[in-house]
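# Architecture and fold: a report
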Amino acid sequence: MAKHLDIDGHPTWVEDRGGSGEPLLLLHGGLGNSDDLLRSIGPGLSERFRVVAFDRRGHGYTADTDADFHYADMATETIRVLEDVVGGPAHLVGWSDGGIVALLVALRRPELVQKLVVIGTNYHYNGTVPFDMDLQSPIAQELGKAYIERSPDGAEHLDAVFGKSVAMFTTEPALTTTDISQITQPVLVIVGDDDVVTLPHTLSLYEALPQGQLAVVPGASHGLPLEQPEAVAGLVSNFLAAAEPPRTFMPVRRAKPTGG
């Protein structure tokens, strides 16, 4: 059921699909909304998990404020949802900006995070290829249309949200591999083979994670959850349900060290 709830003093759109499975919090991408994930990978996850999602401030059905956008503030919103809506720890599944937020939550409040899945996610702003973020570009037009259909702030606020987003994209996040190495939960890193997040950057994210797993999906872009929802839902569901650590026939990276 979807409704607006008070999250840190701000009316925030939240959907809790219920169910008896382990809680799973979906975190949407930048300039996007929760419908993107609820309608794509959500159906493939709802049978096994209690799926919860929310629209961050200035996104989807949640109104904006005068404050600039910062990933740290988005992580704070997410922590409040985990505490006040989920009621405790959950699996976090984040796409793009949502993945960045998931990493920050795991670093700040590890006790609230079970496993993480990050899709098309960079931990530093220099980890993406340059791409056209002009309001007249096709992708910006599509994002703008979805924003106008949902936002209580109206079409006239799109320029402000777009400007605040671009300012954040070009200066944040600024995590290091040392930071990433502090995340001890199992993490599945998923990326399209033609993503705006570069493959070397994605590989450095995977290699820095003590319990990382990596999936590079062929024939996919940054829009992977929308392009191949069944494949992504399957990867996510299998990873979250699997025992840890993985048991493989010829472990190399995961081989136990020998000797003293």
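Residues numbered from 1 in each chain as written. Predicted model: local features only at pLDDT ≥ 70, side-chain atom pairs only at ≥ 80, totals over all residues. Heavy atoms only, no water.

### Some points on the side chain of Ser204
Secondary-structure assignment places Ser204 in helix α8 (residues 199–208). A polar atom in the side chain of Ser204 sits 2.7 Å from the side chain of Tyr123. Here Ser204 is in contact with Tyr123 and Thr177, once residues within four sequence places are set aside. (Helix = DSSP H or I, 4+ residues; strand = E, 2+ residues; numbered from the N terminus. Polar contact = N/O pair within 3.5 Å; in protein donor to acceptor, adjacent residues only side chain to side chain. Contact = heavy atoms within 4.5 Å.)

### Details of the nonpolar core
Soluble, globular proteins show a tendency: their nonpolar side chains are buried together. With 44 residues, the main nonpolar core has Leu25, Leu82, Val105, Ile180, Ile183 and Leu205 as its most contacted residues. The element best represented in this core is helix α3 (residues 71–86), accounting for eight residues. With near-sequence residues (within four places) excluded, Leu82 lies in contact with Leu25, Gly87, Gly88, Ala90, Leu92, Val105 and Leu112. Listed in part, the 25 residues of the second largest apolar core include Val51, Ile190, Ala215 and Val217. (Core = buried A, V, L, I, M, F, W, Y, C linked by side-chain atoms within 4.5 Å. Buried < 20%, exposed > 50% of the residue type's maximum accessible area, 1.4 Å probe, protein only.)

### As for the sheet that holds strand β3 (residues 22–27)
Two strands in a sheet stick together by hydrogen bonds in their backbones, pointing the same way (parallel) or opposite ways (antiparallel). Spatially, β1-β2-β4-β3-β5-β6-β7-β8 is the arrangement adopted by the eight strands of the open sheet, whose pairing is mixed. With one partner strand each, in any of the chains shown, β1 (2–7) and β8 (212–217) form the two edges of the open sheet. Mean inter-strand twist for the sheet, computed between neighbouring axes without regard to direction, equals 25°. Sheet analysis places strand β6 (residues 113–119) next to strand β7 (residues 187–192), joined by four bridges and oriented parallel. For Ile119, the partnering residue across the bridge sits in β7 and is Ile190. α3 rests against β1, β2 (10–16), β3, β4 (49–54) and β5 (90–95) of the sheet, and its axis sits at about 135° to β4. (Pairing = 2+ DSSP bridges. Axes fitted to C-alpha atoms, helices over the stretch in contact; angles between N-to-C directions.)

Purely spatial values, then, with no claim about function.
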